[in-house]
Amino acid sequence: MSISTSRLSRWVVALPVAASLAFSSSVGAVTFKPIKKCGTISTAGYYKVTKTLTFQGSGACLVIAADNVTLNIDGHSLKSSGGGTGISITGANAFVDFNDGTVTGFAIGIEDDGSGAVVQNFTSSNNTDTGIYVNGASGSTFGGFGANNNTNHGIHLRRANNNILHNMALKDNGSFGLWAELSSNNVINNFVANNNGIAGVYFGCSSSGPAGGGPACAGANSGSNVVTSTGDDNNGFYGLAIDLDSEANVIDGAEQSNNNGADDSYDANTNCGTNLWFNETHGTTNQPCTRE
Amino acid sequence: MMKLEDERMTKMHCRTLLCGFLVALALLIPLRPRTARAIAPTLITQCQTIDTPGFYEIETAIVTSTVGPCIDITGSGVTLSIEGGGLTGDGSHGTGIRIEHGAIGTVIQGWLQAGGPPVNSFNIGVEDDEGGSVISGFEASHNATTGILLSHADGDTIMDVTAANNGHDGIHIMQTTGARLDSNIYVDNNGTYGLWLDGAANTLLDRVEASGNGTTNLEISTLGATASNANLVYNANLHDAPNGVVIEQGSGNNRVTRTGAYKGAHAKVADGSDANPLCGSNVWFNNKFTKRKPTSCIH
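If you're wondering where the values come from, they're calculated on a predicted model, not measured in any experiment.

Trainee: Summarise the overall build of chain B; cite the residues concerned and give the values.
Mentor: Helix and strand counts for chain B come out as 1 helix and 27 strands. Contacts in chain B between residues far apart in sequence, at least 24 positions, make up 57% of those at least 6 positions apart.

Trainee: So, the confidence of the model for chain B: which residues are in play, and what are the values?
Mentor: Regions with low pLDDT carry predicted coordinates that are not meant to be interpreted in detail. Summarising the model, chain B shows a mean pLDDT of 86, and 83% of its residues fall at 70 or more. When the criterion is pLDDT under 50, residues 1-38 of chain B qualifies, and its contacts beyond four places in sequence or with other chains add up to 49 contacts.

Trainee: Pulling in residues and values, what's your account of unusual backbone geometry?
Mentor: With omega at 0 degrees, the peptide bond leading from K293 of chain B into P294 of chain B counts as cis. With respect to the helices, strands and loops of the structure, P294 of chain B is situated in the segment after strand 27 (292-293). Located in the positive-phi region is S229 of chain A, a residue other than glycine, with phi close to 50 degrees. Structurally, the position occupied by S229 of chain A is in strand 20 (residues 226-231). Using a count of 25 C-beta atoms within 10 Å as the deciding quantity, one classes S229 of chain A as buried. Look at S183 of chain B: it is not a glycine, yet its phi comes out positive at around 70 degrees. For S183 of chain B, the position within the fold is in strand 16 (residues 180-188).

Trainee: Go over the environment of D72 of chain B with me, naming the residues and quoting the values.
Mentor: Residues and elements named next belong to chain B. Mapped onto the secondary structure, D72 falls in strand 5 (residues 69-73). For D72, a count of 19 C-beta atoms within 10 Å corresponds to the partly exposed category. Sequence-wise, D72 and D128 are 56 residues apart; in three dimensions their C-alpha atoms are separated by 10 Å. The contacts of D72, once residues within four sequence positions are left out, are T49, R98 and E100.

Trainee: With reference to specific residues and values, describe the sheet that holds strand 4 (residues 61-63) of chain B.
Mentor: Residues and elements named next belong to chain B. Strand order across the open sheet formed by 3 strands is 4-7-10, with parallel pairing between neighbours. Each edge of the open sheet is held by one strand with a lone partner, namely strand 4 and strand 10 (119-120). Of the strand pairs in this sheet, strand 7 (residues 86-88) and strand 10 are connected by 2 bridges, and their pairing is parallel. Bridge pairing links L87 to V119 in strand 10.

Trainee: Go over the nonpolar core, please, and point to the residues and values.
Mentor: Grouped together as the largest cluster of nonpolar side chains are 151 residues, with contacts concentrated most on I64, I87, V96 and L178 of chain A together with I148 and L195 of chain B. Both domain 1 (1-139) and domain 2 (152-292) of chain A contribute no fewer than three residues apiece to this core. Leave out the neighbours within four places in its chain, and I148 of chain B touches G125, V126, I135, A140, I158, V161, A163 and I171 of chain B.

Trainee: Explain the sheet that holds strand 15 (residues 153-158) of chain A residue by residue, including any values.
Mentor: All names here are of chain A. Spatially, 3-6-9-11-13-15-17-19-21-23 is the arrangement adopted by the 10 strands of the open sheet, whose pairing is parallel. Looking at the sheet topology across the chains shown, the edges are occupied by strand 3 (39-41) and strand 23 (263-267). In this sheet, neighbouring strand axes are inclined to one another by 5 degrees on average, regardless of whether the strands run parallel or antiparallel. The pairing of strand 13 (residues 130-135) with strand 15 spans 5 bridges and is classified as parallel. Within strand 15, the position partnered with V134 by the bridge is L157.

Trainee: So what's going on with the domain arrangement of chain A? Which residues, and what values?
Mentor: For chain A, the assigned domains are domain 1 (1-139) and domain 2 (152-292). Residue composition of the side of domain 1 of chain A that touches domain 2 of chain A, by class: 4 nonpolar, 6 polar and 1 charged.

Trainee: I'd like a rundown of the pairing of strand 17 (residues 193-198) of chain B, residues and numbers included.
Mentor: All names here are of chain B. Counting buried positions along strand 17 gives 6 out of 6 residues, so the element sits mostly inside the fold. Here strand 15 (residues 169-174) runs beside strand 17; their pairing, made up of 5 bridges, is parallel. By the bridge assignment, I171 is partnered in strand 17 with L195. Here 5 bridges tie strand 17 to strand 19 (residues 216-221), and the two strands are oriented parallel to one another. Paired with D198 across the two strands is S221, which belongs to strand 19.

Trainee: Explain the confidence of the model for chain A to me, using residue names and the numbers behind them.
Mentor: Averaged over all residues, the pLDDT of chain A is 88; the fraction at 70 or higher stands at 86%. Within the model, pLDDT remains below 50 along residues 1-23 of chain A, and this stretch shows 38 contacts once partners closer than five positions in the same chain are excluded.

Trainee: Lay out the environment of N148 of chain A in plain terms, naming residues and giving numbers.
Mentor: Residue and element names in this part refer to chain A. Note that N148 resides in strand 14 (residues 141-148). A sequence separation of 123 residues divides N148 from N271, and the C-alpha atoms of the two residues are 33 Å apart. Dropping the residues within four chain positions of it, N148 is found in contact with T123, S125, G154, A169, K171, D172 and N173.

Rules of the game
- Residues numbered from 1 in each chain as written.
- Chains lettered and ligands numbered in written order.
- Predicted model: local features only at pLDDT ≥ 70, side-chain atom pairs only at ≥ 80, totals over all residues.
- Helix = DSSP H or I, 4+ residues; strand = E, 2+ residues; numbered from the N terminus.
- Contact = placed C-beta atoms within 7 Å.
- pLDDT = per-residue confidence, 0-100.
- Buried ≥ 20, exposed ≤ 12 C-beta atoms within 10 Å, placed from the backbone.
- Pairing = 2+ DSSP bridges.
- Core = buried A, V, L, I, M, F, W, Y, C linked by C-beta atoms within 7 Å.
- Domains from an automatic or database assignment.
- Axes fitted to C-alpha atoms, helices over the stretch in contact; angles between N-to-C directions.
- Nonpolar A, V, L, I, M, F, W, Y, C, P; charged D, E, K, R; others polar.

What follows is the structure, encoded as structure tokens:
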């Protein structure tokens, strides 16, 4: 669900980041403005977090509201006592380089509601809902990260198209390592999704996964995504699962070691519908339409 | 905060029910053996046009002296696996695989890592004139001009490829917006440029590696009146060439960060070079360069 304007206005408050500036560091003709507290970035430019940011409440610690923002987290941590969002991206073309920084303890670690964001090199863990929520965003890229030990999901794509997620580890999340809901044309590659409560990867609309009461959005699901080079092991029920009416997905190179609770590979569509599964290594599947 | 509390409660309730159901299901269903393929690909054994949506596979190597494209993809919705074979030209003519304008949603997949099956010894290895394609898992090398050419191919994704020993450039991104290259991109020992952004905008180069290219590992240039603007180079590993990254005059709003250029076996000109006065609107930061030109704005 999108953040409503009224709700946004309650928490996108107060202190624009510029108000927390003390010193600025220059690189060539640009200036990196230091960020020392949570706030909203409402102007395009270059910003750098200079200390651990702690947060309490239900809003977001950092809001990237402007287009064309470059934010260097510089290895620092964003921490919450249990609510809110670590970074909320609503502007377009944000570039966020964590440089091994972390975001922990929020409800949602990172939420992307914008477009064309590039978010790199981070860990989003121990959040009470989801590590990364790509909510209606398109054209964004998330790379080199971990989304672990989140209460529900490592990554949740919802109505999110044409995004790339790569070089990641999605482990020990309560439900899904990655959940693609109503999301299409995404490229997801080079990753592991292990030890998640229901499935390593799930394409569908039921928050309970396949057979969890049936797909909640049959006829309008996640299609034309490309998944390559993934290992999905030791998940509660499924390694990689595609629910009814998620079609035209390409699954290439999923390796599962016959140790997921129900099926390593699962496709609810008859004869896999128009989904292509190949270069598959698994122990169990629910129907003979995956191929090795 | 995006998730409603009632949704979460419903989810927890459903999950409890689901657990019982699925555990029972798991106990009832015996382990099944590995399955045979059910969706058979259309096998390609010679150069041809693909004008119909579907799943195609090159299972054995194709050797050709064609002067046009060997595999000419003209239809939308084509997935082409080249994992079992590859294409080899005569050393100077033709294009190995061409995605024609109008061929929407093409996926080309080879092996799952760089150094896969070859698309070698053509004039151009792979050319995309459409955009929105996913191109991965093969080696485009020893082509007379270019390994991989994106021409007006907005929104392409390239990953897990090697483009080496091509006559002029490894990967040429020409008048294309929003291409993204990530994961295991190796561009080595090409005649002039490794990666060439040529009137390209909003390209993401993420973790690419280029070495030993004749003039420059990564060239960001202006094509006629079209500048290369707003590209992002992140965490590139560029070494053993006269120039690491070069931004030519007129190209602006590019960002180069966490990029290293080292082990210069050649008489190095610069690891990072920007022809715009004071780098213009380009921003270079957190890089690991030893030779910079100019030093005042490349960091």
